[in-house]
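# Chain and residue survey
Below are the chains, spelled out letter by letter.
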Amino acid sequence: MKSLKHLNKYFLKYKWHFLLGILFTITSNYFGVRMPLFVKSTVDSLMSDIKIESINDALLISLKIGGFYMLLSLAKGFFLFLMRQTIIVMSRRIEFDLKNEIYKQYQNLDLSFYKKNNTGDLMNRISEDVSHVRMYLGPGIMYSINLVVLFTLVVYQMIMISPSLTALVLIPLPLMSFLIYKVSAKMNFLSKKVQEEQSMLSTIAQESFSGMRVIKAYSQQDSVSDKFENAANTYKNKSMKLVVVNALFIPTILFLIGLSTLLSIYIGGKMSFTNEISLGGIVAFIFFVNNLTWPFASIGWVTSLIQRAAASQQRINEFLWVKSNQNIENETEPYSFGDHISFENVSYTYENTGIEAIKNLSFSIPKGETFAIIGKTGSGKSTILALLLRQLNPDSGEITIDGTSSASIKIDGFKNALGVVPQDVFLFSDSILNNVKFGSNNPDVTQLEIDAACETADILNTIKQLEYGYETLLGERGVNLSGGQKQRLSIARSLLRNPEILVLDDCLSAVDTETEDKILKELQKDKKERTTIIVSHRISTIRNAKHIIVIDEGTVIEQGSHSTLLKRKGFYFDLYKKQQSDLKDDMIDDGNEIGI
Ligand SMILES: Nc1ncnc2c1ncn2[C@@H]1O[C@H](COP(=O)(O)OP(=O)(O)O)[C@@H](O)[C@H]1O
Ligand SMILES: [Mg+2]
C-alpha cells in the first residue's frame, strides 16, 4: 500500500474536488435514508390513523405520497450525479497528470534505460498500470466514502427502529464482503491471464501482417495460421474460465441479499406480533438491508481494486524513481566546440550481455578535421559514438571535450552542436518535410536551406520526382523509400541543423559507391571548418579522411592516413584487398545489391 503514497500530492492538488465529493456523498445518502423512513411512516399511518372516505381521498393521498417519494429520489439522484462529477472527474484529472508525469520521465531517461526495458513494458506502465490506479482513485475512493457514510446513517436509523433486528440482519453482510473479495481476486487473476493471451494474440497478428511478404515468399501461410489458431484457442479457454466465475458472482450476491431480506421478514414478523416493531418498521428494514447490500458487496471489490492499484503504482514508481545519468538542465547554454575531443583509456562493458565492447581506447579528434573510424561489424564503432554522445557512460577512463570531462559539461548544449546520422535510420510517419525539419533548432528555417541540405545529401532530385514532393507522407500509410533513400534523408536532417560536429555512423551502407563519393565531396565543400566523424566498415567511405583509426574488438589496432595505413601492409591493407576483390566479384555477378 505504501506505493500509493505517491498519489497524495495529487489529492492535495485536487482537494476541492475531493472535499466536495465527500459533501455530495453525505447529502445524497441523507436523502437516500429519508426514503425508507418516509415509507415507514406512511405504512404506519395507513395502518392506523388515516381514514379514507372516498375514492378521491385515496387518490389524493396516493398522489401526495408518490410525489414526495419522487422528490426524495430526485434529490438523492441529483447529489449522486454531483458526487460522480467531482470524484470521477478528479480521478480522470489525476490520470492525465500521472500519464504526463510518466511520459516526461521517459523523455528524461537515458538510452541505457531503454536498452534494459522493452517497449511493451514502457507502454504498459503508461496505459494499463495507470488505468488500474485510476480505478482506485475513482470508483475505489468513491465507493469507500459512500460505504462509510451510508453505513453510519443507515445503521443509526436501523438501531433507532430495532437494535436486536439490526444485529440479526447484518450478520450475512460481512460474509458477503469476504466472498466477494475472494471472487474478485480470482476474477482479476483470470482477467490478467486473459489479457496476456489477448496481447499474445495481437502480437502474432501484427507480426504476420507486417511480415506478410516474408510469409508469402516462404509459403508459410498454413503454419502461421496454425500458430494463430492455437493462440486463439488458448485465449478462448482462458476466457471461458473467466465467464464461469463471472456467472457465479451476481447469483451469490442475490442469494445473500435474499437471505437478509428473509431474516428481516421472518424475525421482524415474529417481533411484530409482540409489538416490538411496527409493520412500517419491517418495510423500512427491507429497504435498508437492500440499500446496504451493494456497498457491502463493493468492499470486497474495492479491496482487490486497491491491491491491484498498489501493485501497479509500485511498477510505475520503479520507473519514476530511476535517476537519469545525464544532468538534467532546463536551459541549454549555447555551446561552441573549441579544440579537440579526446578518449583516454576508455572501457565499456554492456551490462546485459557482459560483452566488453570497448577496451582501453584512446584517441583524439582535432577540430575542423575529417576523422574516420573503421572496423568490421561488431568491432565497437557504434558504441564509441554512443559514449561520445553520452548515451552510455564509460566504466573507466575519460572522454574530454576541450579538456573538460564530458561528464561535467552541459550535455544539451553540446548536443546542439552535433549532427548525428545514426546507423539505423528512423523516420516518423509524417511528411518528408517534417522529417527533414525534425531536430532543427531554427523555427524559421527557409525552404532554400532545406533544399540545400537535401541537395548535399543527394536526395533533392528524388523528392522532386515524387508526386507530392516534400509533402509526401512516409511510414506505414505513406510511401516506402528504399534503404539508401532513407539514409540520405537522414543525412539531410542532420545537415539542416548546420552542426559544428557531424557524426555519420555507417550511414552510407545502403548507398552505392558513386553516390557515396558524390555526397562525401559535397560534404567537404559544404563547410570547411566543420569537424566530421565518419564511421564505416567500408574503406571506400573513409579513404579521404585526414586521420583514420582502425578498430578491432573495441580497441585501436592501427592509425594514420589511407596511404600510410596501406603501406603498413597490416589489418587495414588486408581489409582493403578483401573489399576490392568483393567489389570486383559483385561487378562480375552483375547482381550487385548495393545501390538503389
Ligand atoms: N545494446 C547492446 N547490448 C549488448 N551488447 C551490445 C549492444 N550493442 C552492441 N553490443 C555488442 O557490442 C559489440 C560492439 O557493437 P557495436 O558498437 O554496435 O559495433 P559496430 O558498430 O562496430 O558494428 C558487439 O559485440 C555487439 O554485439
Ligand atoms: Mg555500428
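Take the sheet that holds strand S7 (residues 501–505) next. Overall, mixed pairing links the six strands, which are arranged S6-S7-S8-S3-S9-S10 in an open sheet. Each edge of the sheet is formed by a strand with only one pairing partner; in this case those strands are strand S6 (418–421) and strand S10 (555–560). Recorded for the sheet is a direction-independent mean angle of 15° between the axes of neighbouring strands. Relative to strand S8 (residues 531–536), S7 runs parallel, the two sharing five bridges. When the sheet's bridge partners are listed, Ile501 is paired in S8 with Thr531. Strands in contact with helix H16 (residues 483–496) are S6 and S7; relative to S6, the strand with the most contacts, it is inclined by about 175°.

Quick look at the domain arrangement of the protein now. Reports of interface size often rely on the accessible area that becomes lost once the parts have come together. When the domains of the protein are assigned, the result is domain 1 (93–320) and domain 2 (419–498). One C-alpha centre belongs to domain 1, the other to domain 2, and the line joining them spans 49 Å.

Turning to a nonpolar patch on the surface, a few remarks are in order. Taken together, the side chains of Phe68, Met70, Leu71 and Leu74 define a hydrophobic patch exposed on the protein surface, amounting to about 430 Å² of accessible area. Along the chain, Leu71 turns up in helix H3 (residues 55–108).

Below, the discussion takes up the nonpolar core. Ranked by size, the top nonpolar core spans 43 residues in total, and within it Cys454, Leu489 and Tyr572 carry the most contacts. By residue number, the principal contributor to this core is H16, which donates five residues. Apart from the residues within four sequence positions on either side, Cys454 is in contact with Val436, Ile459, Leu460, Ile463, Tyr470 and Ala492. Judged by nonpolar contacts, the second largest core, of 36 residues, contains Phe79, Leu82, Leu109 and Ile141.

Right, let's get into the confidence of the model for the protein. Chain-level statistics for the protein give a pLDDT mean of 85 and a share of 94% at 70 or above. Here residues 590–596 is modelled with pLDDT under 50, and outside its nearest four sequence neighbours on either side it reaches 11 contacts, counting other chains as well.

Moving on, we get to the pairing of strand S3 (residues 370–374). The buried count for S3 comes to five of five residues, which makes it a mostly enclosed element. Burial along S3 is two-sided: the residues Thr370, Ala372 and Ile374 and Phe371 and Ile373 are all buried. The sheet contact formed by S3 and S8 spans five bridges and is parallel. Pairing of Ile374 across the sheet is with Ser536, part of S8. In the sheet, S3 pairs with strand S9 (residues 547–552) via four bridges, with the strands oriented parallel. Bridge pairing in S9 places Ile373 opposite Ile549.

Calculation notes
Residues numbered from 1 in each chain as written. Chains lettered and ligands numbered in written order. Predicted model: local features only at pLDDT ≥ 70, side-chain atom pairs only at ≥ 80, totals over all residues. Heavy atoms only, no water. Pairing = 2+ DSSP bridges. Helix = DSSP H or I, 4+ residues; strand = E, 2+ residues; numbered from the N terminus. Axes fitted to C-alpha atoms, helices over the stretch in contact; angles between N-to-C directions. Contact = heavy atoms within 4.5 Å. Domains from an automatic or database assignment. Patch = residues over 30% accessible without salt bridge, like charges linked within 9 Å, V, L, I, M, F, W, Y side chains within 5 Å. Areas by Shrake-Rupley, 256 points an atom, 1.4 Å probe, with all protein chains shown as cover. Salt bridge = Lys/Arg side-chain N within 4 Å of Asp/Glu carboxyl O. Core = buried A, V, L, I, M, F, W, Y, C linked by side-chain atoms within 4.5 Å. Buried < 20%, exposed > 50% of the residue type's maximum accessible area, 1.4 Å probe, protein only. pLDDT = per-residue confidence, 0-100.

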